[in-house]
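# Geometric and topological summary
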Amino acid sequence: MSENKSSRRDFLRNSAAAGFTALVSGAAIADGKVFAEDYTEGKKAILMDNSLCIECQACRVACQNEYEIDIEYSFIKFNSIEKGEYPEVQYHLRRNSCMHCPDAPCIAVCPVDALSESEEGFTVIDADTCIACGRCLEICPYDVPEIGPDRMYKCDLCQHRIKEGKVPTCVDTCISYALDYGDYGDMLEKGKTRVEELRKDHPDANLYTADYIDDDFGLLLILKTDPRELDLVKNWN
């Protein structure tokens, strides 16, 4: 990354951090943006605190730039709803991207073995092998894959960056510190701690998928409302 890009990102992050002090203090998942020391061994996960996300789309744009994909496709999208009546209106959102399922069904049905599970537990795609048949989309419980003319598009958690000991570009870009990356156990614990704090004002706050599915998903979502209201399945099987 060039010095100019790095400086611009640091400027945006530092500026935003000053305005978000109240949000990220205490039990917020950022906690000084401290990550695991080793990103390359063992089960990993991304933890997203959707209560801190401001839907600025910086992660989505950074992701598209990182992979140089056409604007019509996106590895990261957002689902949002409004609840209540004026003036008591609440806005809820969640990241809509690959959940990196354990024993992912898309891997099992791919006829050309273009999908596999990485050492960190993420579902990754070999774009050169993919034939865009759409079998993965048919079986995905979250309707994540986007099928193009020659390949399928979805998040693979920046495997090229992880192998270099870096965090995924969305985590590196987030200006509201809503994203964290590290050992699965650490992310799970941070997520549970944050949910307990949120439940003081949001009784339906939860950690998806950990609160509903007894398996280790590579994407953990901190939500303030029932996941079904955000088009997330409660029982996956």
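Residues numbered from 1 in each chain as written. Predicted model: local features only at pLDDT ≥ 70, side-chain atom pairs only at ≥ 80, totals over all residues. Heavy atoms only, no water.

## Observations concerning the nonpolar core
The cut-off we apply is this: Think of a nonpolar core as a cluster: buried Ala, Val, Leu, Ile, Met, Phe, Trp, Tyr and Cys residues, connected wherever their side-chain atoms sit within 4.5 Å. The cut-offs for exposure are 20% and 50% of the maximum accessible area for each residue type, with area from a 1.4 Å probe on protein chains only; residues under the lower value are buried, those over the upper are exposed, and the others partly exposed. Secondary structure follows DSSP: runs of H or I at least 4 residues long count as helices, runs of E at least 2 residues long count as strands, and numbering of each begins at the N terminus. In this description, contact between two residues means that some pair of their heavy atoms is separated by no more than 4.5 Å.
Of all hydrophobic cores here, the largest spans 47 residues; its most connected members are I46, M99, Y142, Y208 and L221. When residues of this core are traced back to their parent elements, those giving at least two are β1 (44-49), α3 (58-67), β7 (152-153), α7 (169-173), β8 (179-183) and β10 (219-223). Top element by residues in this core is β10. It accounts for three residues. With sequence-adjacent residues up to four places away left out, I46 is seen in contact with L157, P168, C170, V171, L179, D180, Y181, G218, L219 and L220. By size, the runner-up hydrophobic cluster in this structure holds eleven residues, among which are L47, Y184, L198 and A205.

## A closer look at the pattern of salt bridges
Quick note on the threshold: Here, a salt bridge means any side-chain nitrogen of Lys or Arg that lies within 4 Å of a carboxyl oxygen of Asp or Glu.
Tallied over the full model, the rule gives twelve salt bridges. One salt bridge connects K44 with D183, and the closest N-O pair in it is separated by 2.4 Å. Here the residue K44 occupies a position in strand β1, and D183 occupies one in strand β8, the gap between them amounting to 139 residues. The class of K44 is buried, set by a relative accessible area of 1%.

## Structural notes on the pairing of β1
Two faces belong to every sheet, and in a regular strand the side chains alternate between them. Test applied: In this scheme, strands are said to pair when DSSP sees at least two bridges between them.
Burial within β1 is extensive, with six of its six residues counted as buried. Neither face of β1 is left uncovered, since the one carrying K44, I46 and M48 and the one carrying A45, L47 and D49 both have all their residues buried. Summarising the sheet, β1 and β8 pair through five bridges and their orientation is antiparallel. Looking at the pairing, A45 lines up with G182 of β8. Sheet topology places β1 next to β10; four bridges connect them, and they run parallel. Note on β10: the bridge partner recorded for D49 is I222.

## Focus: the environment of T173
Topologically, T173 is positioned in helix α7. C-alpha of T173 to C-alpha of A62: the two residues are 111 residues apart in sequence and 7.0 Å apart in space.

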